[in-house]
Amino acid sequence: MRKKIVAGNWKMNKTLQEGVALASELNDALKVETVKCDVVICVPATHIVSVVNSVSADKIGVGAQNSADKVSGAYTGEISAAMVKSTGAGYVILGHSERRAYYGETDAILKTKTDLALENGLTPIFCIGEVLEERQSEKHFDVVKSQIVNGLFHLSADDFKKVVLAYEPVWAIGTGVTASKEQAQEMHAFIRTVLAEKYGQDVAQEISILYGGSCNPKNAAELFANPDVDGGLIGGAALKVEDFMAIIKAW
Ligand code: PGA
């Protein structure tokens, strides 16, 4: 059975104190619930150590939202995959559309970031997804396929199995417009076909593919009911424990 995962992406929100309070509240909520999925929170880099220390590792996985495409050295402001790993984090979001769009992250850069994340024992949550214009011109399948091929298909099957994918249509991120359950299933099934062509059906069936983009307590259950949707990458709704818990409990 594929791993079911609900991962929060806090983006650039919350001070350290607010973040620790949010993580602790989530940890408390999870102590009294039996949940059917893995729970991960990807927090600002400044918060990782404190958040790792305020949650139970068996309840909540902690991740970064980015890591560098360089090993170490004179790269002011960058944080390496080894540094992320040394905080106690287990995950790193790579290739989020905001990083691709605002910080010039190309497929080639993401390929290197993925290698470094894997070499350092982090689980990459690798994001892919088309912008509105690409969907309207029916290029969305090609765009998503090329992001996967160029960013990940250099990996061996063994390494590829360590990656979590997140399909996030850019037009759905932070907009309140969610992909319909049919649109999500159609793309997730397509992605699995692309993976099967390269790595075979067994590997394709093992990879968790999360949906992201305005996923909320109201639509989570119907999105997660799709056979190829294995969870969610949650932005806005991950900032409120009540909403995030409702999404977790949608499993
Ligand atoms: P959203 O963000 O849930 O606020 O749309 C999702 C994401 O960007 O990962």
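If you're wondering where the values come from, they're calculated on a predicted model, not measured in any experiment.

**Re the layout of surface pockets**
Right, on to step 1. Of the voids in this model, the largest pocket is the one considered here, and its volume is about 570 Å³.
Right, on to step 2. Lining the largest pocket are 21 residues, with M12, Q65, N66, R99 and Y103 positioned closest to its centre.
Right, on to step 3. The dominant element in the lining of the largest pocket, judged by the number of residues it contributes, is helix α4 (residues 97–102), at 3 residues.

**Focus: the environment of A184**
Right, on to step 1. Tracing the backbone shows A184 in helix α9 (residues 181–199).
Right, on to step 2. Here A184 falls in the buried class, since its relative accessible area comes to 0%.
Right, on to step 3. Excluding residues within four positions of it along the chain, A184 makes contact with A179, Y211, L223, N226 and V229.

**Some details on the pattern of salt bridges**
Right, on to step 1. In total, this model carries 18 salt bridges according to the counting rule given.
Right, on to step 2. K249 is the partner of E33 in a salt bridge, and the nearest nitrogen-oxygen pair spans 3.2 Å. Here the residue E33 occupies a position in the loop between α1 (16–31) and β2 (38–42), and K249 occupies one in the segment after α12 (241–248), the gap between them amounting to 216 residues.
Right, on to step 3. Judged by relative accessible area, which is 44%, K249 ranks as partly exposed.
Right, on to step 4. Put simply, R99 and E105 hold a salt bridge, and the shortest N to O gap is 3.0 Å.
Right, on to step 5. It is possible to trace a salt-bridge network through shared partners that takes in R2, K4, R192, D228 and D230.

Analysis parameters
Residues numbered from 1 in each chain as written. Predicted model: local features only at pLDDT ≥ 70, side-chain atom pairs only at ≥ 80, totals over all residues. Heavy atoms only, no water. 1 Å grid on protein atoms, 1.4 Å probe; cavity = no way out; pocket = protein on both sides within 12 Å on 5 of 7 lines; lining within 4 Å. Points joined across faces, edges and corners; volume = space filled by probe spheres on them. Helix = DSSP H or I, 4+ residues; strand = E, 2+ residues; numbered from the N terminus. Buried < 20%, exposed > 50% of the residue type's maximum accessible area, 1.4 Å probe, protein only. Contact = heavy atoms within 4.5 Å. Salt bridge = Lys/Arg side-chain N within 4 Å of Asp/Glu carboxyl O.

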